[in-house]
Amino acid sequence: MEHALLNTRADIAAARGDVARLIAVRGDGAAIAARAHSGPSNRDAHVLMALVHTGRSEEAGRLAEAFDLSRAPESWELNRFLYARGVQRLAAGERGGAREPVSDTPLTLPTQVEV
């Protein structure tokens, strides 16, 4: 239940654009390291987006690489984190890396969209 409440708190802070609150609740490196093998949470995805949007690219890069995503269970939280990691990589200038999912097979995106 605590996990759900913390996720809801992060969702509300993100909806309000309260990046300071999101960054403040991210936890220290030890807390992230303890969860590194279980996969990222919804809160981690929100924090990653907040770090990107505030220009804290080095911190965002460290957070994006802190998790062993090959061991993370499939979940909506993993998908949200993968999206946030893609945004972080794109902001860091890694256009190719922004399109790569967790698997070894790169995701192929169309270069042009027909309308």
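Preceding this section is the structure that the text describes.
The sections below set out a description of the structure shown in this document. Since the structure is predicted, the reported quantities are computational estimates derived from the model, not experimental observations.

1. A word on the overall build of the protein chain
Within the protein chain, the secondary structure is distributed over seven helices and zero strands. Taken from N to C terminus, the helices and strands of the protein chain fall in the order α-α-α-α-α-α-α. Every one of the 115 residues in the protein chain was classed for burial, and the buried ones make up 33%. If you take every contact in the protein chain between residues at least 6 apart in sequence, the share linking residues at least 24 apart comes to 64%. Summed over all atoms, the accessible surface of the protein chain reaches about 7500 Å², with 53% contributed by carbon and sulfur.

2. With respect to helix 1 (residues 2-15)
In this model helix 1 runs 20 Å from its N-terminal to its C-terminal C-alpha over 14 residues, within 8% of the 20 Å that 1.5 Å per residue would give. On its buried face, helix 1 is in contact with helix 2 (19-24), helix 4 (42-53) and helix 6 (76-91). Two residues or fewer past helix 1, G17 is found with a positive phi of approximately 75°.

3. Section: the pattern of salt bridges
A full pass over the atoms with the stated rule returns five salt bridges. Notably, a salt bridge pairs R80 with D11, separated by 3.2 Å at the nearest N-O pair. Pair noted here: R80 is in helix 6 and D11 is in helix 1, with a separation of 69 residues, a long-range link. The class of R80 is partly exposed, set by a relative accessible area of 33%. D11 gets classed as partly exposed once you look at its relative accessible area, which sits at 31%. Linking D18 and R21 is a salt bridge whose minimum nitrogen-to-oxygen distance equals 3.5 Å. Overall, the relative accessible area of 29% leaves D18 in the partly exposed class.

4. A few points about helix 6
Think of an α-helix as turning once every 3.6 residues; residues three or four places apart then point the same way. The end-to-end C-alpha distance of helix 6 is 23 Å, a good match for the 22 Å that 16 residues give at a rise of 1.5 Å each. Looking at helix 6, one finds that the buried residues are E77, L78, F81, L82, A84, R85, G86, Q88 and R89. For helix 6, the N-terminal cap is S75; the gap from its side-chain oxygen to the backbone nitrogen of E77 is 3.3 Å. Phi for G93, located one or two positions after helix 6, is positive at around 90°.

5. A look at the nonpolar core
Counting residues in hydrophobic clusters, the biggest one holds 21 residues, and the most contacted among them are L48, L51, L63, L69 and F81. Going through the elements one at a time, helix 1, helix 2, helix 4, helix 5 (57-64) and helix 6 are the ones with two or more residues in this core. The element best represented in this core is helix 4, accounting for seven residues. Contacts of F81, omitting those with residues within four sequence positions, involve P40, D44, A45, L48, L63, A64, F67 and L69.

The rules behind the values
Residues numbered from 1 in each chain as written. Predicted model: local features only at pLDDT ≥ 70, side-chain atom pairs only at ≥ 80, totals over all residues. Heavy atoms only, no water. Helix = DSSP H or I, 4+ residues; strand = E, 2+ residues; numbered from the N terminus. Buried < 20%, exposed > 50% of the residue type's maximum accessible area, 1.4 Å probe, protein only. Contact = heavy atoms within 4.5 Å. Areas by Shrake-Rupley, 256 points an atom, 1.4 Å probe, with all protein chains shown as cover. Expected span 1.5 Å × (residues − 1). Salt bridge = Lys/Arg side-chain N within 4 Å of Asp/Glu carboxyl O. Polar contact = N/O pair within 3.5 Å; in protein donor to acceptor, adjacent residues only side chain to side chain. Core = buried A, V, L, I, M, F, W, Y, C linked by side-chain atoms within 4.5 Å.

All we've got here are geometric facts, nothing functional implied.
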